[in-house]
Amino acid sequence: AQKITQTQPGMFVQEKEAVTLDCTYDTSDQSYGLFWYKQPSSGEMIFLIYQGSYDEQNATEGRYSLNFQKARKSANLVISASQLGDSAMYFCAMREGQAGTALIFGKGTTLSVSS
Amino acid sequence: DTGVSQDPRHKITKRGQNVTFRCDPISEHNRLYWYRQTLGQGPEFLTYFQNEAQLEKSRLLSDRFSAERPKGSFSTLEIQRTEQGDSAMYLCASSIFTDRETQYFGPGTRLLVL
């Protein structure tokens, strides 16, 4: 079974609209971390937001927020007020257990923002 | 912070040749990771270092691959006798050990094996 599932290969949104990118995960660990990264066409992976499994509140970073539903094992990324520069590939990733282990990535979602 | 840097950014080589990539992490980061990303996929873990010690290697890291981090600063990833299946983006990431450890990635090295 896949550890990280991103079911939306592509999403399309207009400027200034909000968009939700889905991510579900599978782990039996109680302690884990969830991450979202953005990868523009240039290739660099840009860190966006982190949610720890014990965090009681949903993480927020500027226009990014993470809708963390632990019982459903979902960690959806919400981008508010989309901008043209948000067009990129977005990856959800998980670190199982304590810090110091590798990230497990999903297959990504391509977001296209139009004017 | 100058960020993680990787060199070269692009490499084209012929099958059977050896290639070496370099990664310079963020200066105070003691952990360094290597990942490989093929087209249409997310990155897959290859190996990681804490300081100069290589602590974990993926089964993806065949015996043709070797990584070093000799002084706990920069790292090199060498692929010997390259094969066409080695064509991919090779990403390096660094982090500092905290309970909320976040890995910061470099721009990657795109390898094409002809």
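In this report, the structure presented in the accompanying data block is examined. Everything quoted here is computed from the prediction, not taken from an experiment.

1. With respect to a nonpolar patch on the surface
A grouping of Ile12(B), Leu112(B) and Leu114(B) is seen on the molecular surface, where their side chains present a nonpolar patch of about 300 Å² in accessible area. Mapped onto the secondary structure, Leu112(B) falls in strand E11 (residues 109-113).

2. Regarding the layout of surface pockets
Its volume calculated, the largest pocket comes out at about 490 Å³. For the largest pocket, the lining is made up of 21 residues, of which Ile104(A), Phe105(A), Pro43(B), Glu44(B) and Phe45(B) are closest to its centre. Secondary-structure elements contributing two or more residues to the lining of the largest pocket are strand E11 (104-105) of chain A together with strand E5 (44-50) and strand E6 (53-57) of chain B. Here the residues of the lining of the largest pocket are counted per class, giving eight nonpolar, six polar and seven charged.

3. Looking at the pattern of salt bridges
Residue and element names in this part refer to chain B. Going through the model one piece at a time under the given rule, you end up with eight salt bridges over all chains. With a closest N to O distance of 3.3 Å, Glu101 and Arg31 form a salt bridge. Taken together, the positions of Glu101 in the loop between strand E9 (88-95) and strand E10 (104-105) and Arg31 in strand E4 (residues 31-37) put the pair 70 residues apart, joining distant regions of the chain. For the pair formed by Glu101 and Arg31, the shared burial category is buried. As a salt-bridge pair, Glu83 and Arg64 come within 3.4 Å of each other at their nearest N and O atoms. Here Glu83, found in the loop between strand E8 (75-79) and E9, pairs with Arg64, found in the loop between E6 and strand E7 (65-68); they are 19 residues apart in sequence, far enough to count as distant. Taking relative accessible area as the criterion, Glu83 reaches 40% and is therefore assigned partly exposed. Taking relative accessible area as the criterion, Arg64 reaches 10% and is therefore assigned buried. Sharing partners across several salt bridges, the network here consists of Arg64, Glu83 and Asp86.

4. Here we look at the environment of Tyr50(A)
Mapping Tyr50(A) onto the fold places it in strand E6 (residues 46-52). C-alpha of Tyr50(A) to C-alpha of Leu34(A): the two residues are 16 residues apart in sequence and 5.7 Å apart in space.

5. Brief notes about the interface of chain A and chain B
Where the parts come together, the accessible area they lose is often given as the size of the interface. At the junction of the two partners, chain A supplies 21 residues and chain B supplies 25 residues. Carbon and sulfur atoms supply 51% of the area buried between chain A and chain B, which totals about 1,800 Å² over both sides. Summed over the shared surface of chain A and chain B, the result is one salt bridge. Asp55(A) is paired through a salt bridge with Arg100(B); the nearest N and O atoms lie 3.1 Å apart. Our count for the contact surface shared by chain A and chain B stands at six residue pairs in polar contact (both at pLDDT 80 or more). Every element with two or more residues in the side of chain A that touches chain B is listed here: strand E5 (32-39), E6 and strand E10 (88-96) of chain A. Tallied by class, residues from the side of chain A that touches chain B come to 10 nonpolar, seven polar and four charged.

6. With respect to the packing of aromatic side chains
As enumerated under the stated definition, the model contains 17 aromatic pairs over all chains in all. A ring pair is formed by Phe47(A) and Tyr104(B), whose centres lie 5.9 Å apart and whose planes are at 75 degrees; its orientation type is edge-to-face. Placement of the pair is Phe47(A) in strand E6 and Tyr104(B) in strand E10, with the two residues belonging to separate chains. The partly exposed category is assigned to Phe47(A), whose relative accessible area is 22%. Between Phe21(B) and Tyr90(B), the ring centres sit 5.4 Å apart and the planes meet at 45 degrees, which makes this aromatic pair tilted. Residue Phe21(B) is found in strand E3 (residues 19-24), and its partner Tyr90(B) is found in strand E9; the two are separated by 69 residues along the sequence. Each member of the pair, Phe21(B) as well as Tyr90(B), carries the same accessibility label: buried.

Here is what the cut-offs are and how they apply
Residues numbered from 1 in each chain as written. Chains lettered and ligands numbered in written order. Predicted model: local features only at pLDDT ≥ 70, side-chain atom pairs only at ≥ 80, totals over all residues. Heavy atoms only, no water. Patch = residues over 30% accessible without salt bridge, like charges linked within 9 Å, V, L, I, M, F, W, Y side chains within 5 Å. Areas by Shrake-Rupley, 256 points an atom, 1.4 Å probe, with all protein chains shown as cover. Salt bridge = Lys/Arg side-chain N within 4 Å of Asp/Glu carboxyl O. Helix = DSSP H or I, 4+ residues; strand = E, 2+ residues; numbered from the N terminus. 1 Å grid on protein atoms, 1.4 Å probe; cavity = no way out; pocket = protein on both sides within 12 Å on 5 of 7 lines; lining within 4 Å. Points joined across faces, edges and corners; volume = space filled by probe spheres on them. Nonpolar A, V, L, I, M, F, W, Y, C, P; charged D, E, K, R; others polar. Buried < 20%, exposed > 50% of the residue type's maximum accessible area, 1.4 Å probe, protein only. Contact = heavy atoms within 4.5 Å. Buried area = accessible area lost by both parts, 1.4 Å probe. Polar contact = N/O pair within 3.5 Å; in protein donor to acceptor, adjacent residues only side chain to side chain. Phe/Tyr/Trp six-rings, centres within 6.5 Å; stacked < 30°, edge-to-face > 60°.

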